[in-house]
Amino acid sequence: MLCNIQVTVNGRSYASAVEPRLLLVHYLRDVLGLTGTHIGCDTSQCGACTVLLNGKAVKSCTVFAVQADGGIILTVEGLAKDGKLHPVQEGFWEEHGLQCGFCTPGMIMASYALLQRNPNPTEAEIRHALEGNLCRCTGYQNIVRAVQWASRQMAETQPTPAPRRRAGRRSR
Amino acid sequence: MVISKLVGARIKRKEDPRLITGGGTYTDDVRLPGMLYMAVLRSPHAHARIKRIDLGKALSHPGVVAALTGEEVKQVCDPIPALGPIEGMKLALRPPLAVGKVTHVGEGVVALVAESRYQARDALDLVEVEYEPLPANVDPERAMRRGAPVIHEHLKTNLAYSIKQSVGDVEGAFQRAAGTVKARLVEQRLIPLAMECRAVVAHYEPGPGTLTIWNTTQNPHVLRGFLASMLHLPENRIRVIAPDVGGGFGSKIDTYPEEALAALFSIRLGRPVKWAEERMENFQATIHGRGQLQEIEVAYDQDGGITALRVRIWADLGAYCQTFTHAIPTLTLTMLNGPYKIPNLAWELYGVYTNKTPTDAYRGAGRPEATYLLERALDLVAHRLGRDPTEVRRRNFIPKDAFPYKTAVGTVYDSGDYEGALDKVLRLANYTALRREQQERLQRGDRKLLGIGLSTFVEICGFAPNMPDNATVRVEPTGSVTVFTGTSPHGQGEETAFAQIVAEELGVPMEDITVVHGDTLTTPQGYGTLGSRTLPVGGTAVYQAAKTVKEKAVQLAAHLLKVTPDKVSYEGGRFFVEDIPDRKVSWKEVAEKAYSPPPELPADFEPGLLATVYFKPSNFTFPFGAHIAVVEVDRETGDVQVVNYFAVDDCGHRINPLLVEGQLHGGIAQGIAQDLYEEVVYDQNGQLLTNSLMNYAVPNPAMLPSYTLEASVTPTPVNPLGAKGVGELGTIGATPAVVNAVADALKPLGVDPAQVQMACTPERVWRLIQQAQRRRR
Ligand code: FES
Ligand code: FES
């Protein structure tokens, strides 16, 4: 049995017929070819698959594609605008927040979600907010710095925090 | 950007733009038309005979195309080779699928392919296998005793090899000793856990008869050679590509069954085949790290000088020798002296097969095991003598003017300044103030005890004199440069570091340099990225190839400028005649002329502007350092937190400190992970109890501290870069530091430091506290 779903991913709308058991992460990767979202585990622990669904960070390995029907999804591929990196991406680059890069899309999306709700987090808040994301390469110190870098950068470019709350829904 | 100085520029990575935008290509991202998906049925038993396999139902499941059993694979594919077997050892090679018997939980029994991932997975449930369970070997010490169930019957024993040797007068030293200490230490098994699990795509094209393999490998050339011999294919018809690889930490050095199985299906069916490991498979089917039981005995004089060391090691090899399984524990022996002048040593090493996943290289690979036992030993001596651990270390260090230094075990160290590193880290940590705070907490009776742990260490890196590596530096006709390397970075950032070396040497902007790696079609035979070798060996080859190219460019420029080469200077992308700066020719012009030589060039001028160079180091390199871990131990709950971590590391010259620090952060994190959190647990039947991220505690961001680093720089004479390699340094230093800190914190409660074992989980620490208190009552 196939189910029809319609989703908006990175501002583009897609209609697909999918098996009810198809995981969102497999839908994004195998059906839409958006392979920036990764799979690092099978128990919902690693966060490599993190995307934003209707403005909230979710582990896309723990959501069925059918549950996302009608939803708006933002993946790492949709963060940069007109060839300009999002400050969170830039932060990871500036602060050497990645090595192998496998955890990075999930880390970036989780950090993005964190900064939406808390534009100026402390180190402890960053570490706590990213508890659901594992990185085996960096020891996390530079990931923390990357988020702090982005937080500073975003404060400079977008002084009022209010509209950012809905940024996850703003799709292109 | 043109860098003005090769050493020391903190340059942002060239590889990042693709990785932060989702534009990387990892193996599981490769999609080919008509691709099939492979799944592997794995043994639920640690040790069992396979009585019957029925593929009927699985094969008739929708989408399933073919299936293979071990017996079928055996006809067409040899077992995975092991590199450099130890003389006289009993070698158990891993067949791609189990034949007749399974020897560990997770061993592959049946492989099948289907039109989709989900169909392949569904079909696994329909394969029927009947097993006759056998008693399992879990403990290596017992597995080598008479009467233990033999895993590989043709070998007649589970003892793969034993090594027994001594240097100096060990017996005499023990008789004359002022005191001796003993300990039994456990180096628990670990899961390497690269965030990207393993994956392979095999694509056989019957027309040209070529097999292309995309794989999560650290050394594509070695994999190509292994596959050629296993599958009986000519090596030059196999192309192995390591695209972006999501970490390895040693676990992706090995050749695994799935590479051969996917290739077999692809050859048979003429369609591309993909396999992507799941995390729970990764726990069972990818090698484990460490796995040693160590008995140590130390003799010392009244000043804390170590006069002799006796070591007995049982290495838990697991069920097979896979690639380097057998060799890793021997590296522990190579480094038994550490940074100390211990004159008399005796060692016994038993490599033992058990009914578990094979062990192999995991970050540090044999050297953290050596550092760990030594650093624990030095602290035990200090404890016995009532001295500060720094004092005992100073008493035993190899002095900095003694290099090159041949240790008693026979390893020749290149360069070092161990006491210098110790001094530096003591200042960095403000050691005296820490000790003061520790005392104050005790006097106040604080619930949280402070522990200060030291580790001073040296490691063997830059693998190896018998593993040369190569680079091709090719200047294109427009002047941009392509660099090809036989190393295969997977997170280390060599696209950046190598570009820096070339930019410095050729004066070409970083953005005009592209580094190509991980493809056997485009790069000459290399040994990949492992053993902290990429920069000291591969980087040196890059440097030398760039130098050769530069010399040729100068020659060509001299011809064009009609002067002798010694009159030519080069700066800012221009060759010019000294004293006549107007007589000049640009880098781009020289590059272009190299490929379309004008008539005025001498007839014997060979066109082209490129060089391929192999570098064979004369020795390994020996990076070193000194670490201080500061922990808080909750005396009520046994919980341990690392509150501060100070590290002074010396990897010689740092080409890019940003990358070096990144390696150290990650390395230290993995050391702390072994100290406090991670531990593979098997039950007595050989069932893997820690089989997923649900029950194996890989530290998340909230479980680790920030690290305070400082560099010490003692260049190596072994290569012209003076760089020693840094990939494993952090892990090697951190492993003993944190445990020594925990033992240090617990001493005032009466806990015998020799009793502290990894992983220092709250339960284990709490039990130690309880036992000590019971004894005191
Ligand atoms: S893949 Fe989703 S949490 Fe690991
Ligand atoms: S960068 Fe490799 S796992 Fe995070």
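The structure displayed is predicted, hence computed values, not measured ones.

Enquirer: Would you mind going over the packing of helix H11 (residues 367-385) of chain B against helix H19 (residues 729-746) of chain B with me for this structure?
Expert: The description of two helices packed together rests on the angle between their axes and the distance between the axes. All names here are of chain B. It is at 8 Å that the axes of H11 and H19 come closest, and there the two elements cross at 35 degrees. Where H11 crosses over H19, the handedness of that crossing is right-handed. On the side of H11, the interface is formed by Arg367, Pro368, Thr371, Tyr372, Glu375, Arg376 and Asp379, while H19 contributes Ile732, Thr735, Pro736, Val739 and Asn740. Across the contact of H11 with H19, the residue classes tally to 5 nonpolar, 3 polar and 4 charged.

Enquirer: Even after reading the chapter, I still don't get the packing of aromatic side chains, so can you show me in this structure?
Expert: Between two aromatic rings, the relevant description is the distance of the centres plus the angle of the planes. Within the structure shown, the criterion is met by 14 aromatic pairs over all chains. The interplanar angle of 20 degrees and the centroid separation of 6.3 Å between the aromatic rings of Phe575 of chain B and Trp587 of chain B together place this pair among those described as stacked. In this pair, Phe575 of chain B is assigned in strand S23 (residues 574-577) and Trp587 of chain B in helix H17 (residues 587-595), connecting sequence segments 12 residues apart. Among the aromatic residues, those joined into a ring-pair cluster are Tyr340, Phe397, Phe403, Tyr405, Tyr418 and Phe624 of chain B. The cationic tip of Lys12 of chain B hangs over the ring face of Trp93 of chain A; the distance from NZ or CZ to the ring centre is 4.0 Å. The ring of Phe605 of chain B has Lys552 of chain B lying over it, and the distance from NZ or CZ to the ring centre is 5.1 Å.

Enquirer: Would you explain the sheet that holds strand S25 (residues 610-615) of chain B in this entry?
Expert: As a general point, the strands of a sheet are linked pairwise by backbone hydrogen bonds and lie either parallel or antiparallel. All names here are of chain B. Strand order in this open sheet of 4 strands is S21-S20-S19-S25, and the pairing throughout is mixed. Sheet topology places strand S21 (513-517) and S25 at the edges, where each strand pairs with a single neighbour. Averaged over all neighbouring strand pairs, the angle between strand axes comes to 15 degrees, with direction disregarded. By the bridge criterion, 6 bridges tie strand S19 (residues 469-475) to S25 in an arrangement that is antiparallel. Across the sheet, residue Arg474 finds its bridge partner in S25, namely Leu610.

Enquirer: So what exactly am I meant to see when it comes to H11 of chain B here?
Expert: Given 3.6 residues per turn, any residue in an α-helix points the same way as the ones three and four places further on. All names here are of chain B. Along its 19 residues, H11 runs 27 Å from first to last C-alpha, staying within 8% of the 27 Å computed at 1.5 Å per residue. Counting buried residues along H11, 16 of its 19 residues qualify, which places the element largely inside the surrounding structure. Downstream of H11 by one or two residues, Gly386 has phi in the positive range, about 65 degrees.

Enquirer: Teacher, can you tell me more about the sheet that holds strand S27 (residues 640-650) of chain B here?
Expert: Residues and elements named next belong to chain B. Pairing is mixed across the open sheet formed by 4 strands, whose spatial order is S18-S26-S27-S28. The open sheet has two free edges, formed respectively by strand S18 (448-458) and strand S28 (708-711), since each of these has just one partner strand. Taking each pair of neighbouring strands and ignoring which way they run, the sheet shows an average axis angle of 10 degrees. One ladder, built from 4 bridges, connects S27 with S28; its direction is parallel. Residue pairing in the sheet places Asp649 in a bridge with Ala711 of S28. Here helix H13 (residues 418-429) sits on the sheet in contact with S18, strand S26 (624-634), S27 and S28, set at roughly 35 degrees to S26.

Enquirer: Would you explain the domain arrangement of chain A in this entry?
Expert: Often, the extent of an interface is quoted as the loss of accessible area on bringing the components together. All names here are of chain A. Segmentation of chain A into domains returns domain 1 (3-76) and domain 2 (87-157). Spacing between the C-alpha centres of domain 1 and domain 2 amounts to 21 Å. Each partner contributes residues to the interface: domain 1 has 16 residues there, and domain 2 has 12 residues. Remark: the boundary between domain 1 and domain 2 carries 0 salt bridges. At the junction of domain 1 with domain 2, the criterion picks out 5 residue pairs in polar contact (both at pLDDT 80 or more). Broken down by secondary-structure element, the contributors of at least two residues to the side of domain 1 that touches domain 2 are strand S3 (50-53) and strand S4 (56-59). With 3 residues, S3 is the largest single contributor of residues to the side of domain 1 that touches domain 2.

Enquirer: Just checking my understanding: could you explain the packing of helix H2 (residues 87-94) of chain A against helix H3 (residues 104-117) of chain A for this structure?
Expert: Residues and elements named next belong to chain A. With their axes 9 Å apart at the nearest point, H2 and H3 run at an angle of 125 degrees to one another. Here H2 is positioned oblique relative to H3, judged by the angle of their axes. In this structure, H2 crosses over H3, and the sense of that crossing is right-handed. Touching Val88, Gln89 and Phe92 of H2 are Thr104, Met107, Ile108, Ser111, Tyr112 and Leu115, all from H3. Residue composition of the contact of H2 with H3, grouped by class: 6 nonpolar, 3 polar and no charged.

Enquirer: What is the right way to look at the side chain of Thr286 of chain B in this model?
Expert: Residue and element names in this part refer to chain B. Structurally, Thr286 can be placed in the loop between helix H9 (279-285) and strand S13 (289-300). Looking at Thr286, the relative accessible area reads 2%, which means it is buried. Polar contacts involving the side chain of Thr286 include one to the side chain of Arg198, which spans 2.7 Å. In terms of polar contacts, Thr286 uses its side chain to reach the side chain of Asn282, at 3.3 Å.

Cut-offs and rules
Residues numbered from 1 in each chain as written. Chains lettered and ligands numbered in written order. Predicted model: local features only at pLDDT ≥ 70, side-chain atom pairs only at ≥ 80, totals over all residues. Heavy atoms only, no water. Axes fitted to C-alpha atoms, helices over the stretch in contact; angles between N-to-C directions. Helix = DSSP H or I, 4+ residues; strand = E, 2+ residues; numbered from the N terminus. Left-handed = near helix turned anticlockwise from the far one by under 90°. Contact = heavy atoms within 4.5 Å. Nonpolar A, V, L, I, M, F, W, Y, C, P; charged D, E, K, R; others polar. Phe/Tyr/Trp six-rings, centres within 6.5 Å; stacked < 30°, edge-to-face > 60°. Lys NZ or Arg CZ within 6 Å of the ring centre and 35° of its normal. Pairing = 2+ DSSP bridges. Expected span 1.5 Å × (residues − 1). Buried < 20%, exposed > 50% of the residue type's maximum accessible area, 1.4 Å probe, protein only. Domains from an automatic or database assignment. Salt bridge = Lys/Arg side-chain N within 4 Å of Asp/Glu carboxyl O. Polar contact = N/O pair within 3.5 Å; in protein donor to acceptor, adjacent residues only side chain to side chain. Parallel < 35°, antiparallel > 145°, perpendicular 65-115°, else oblique.

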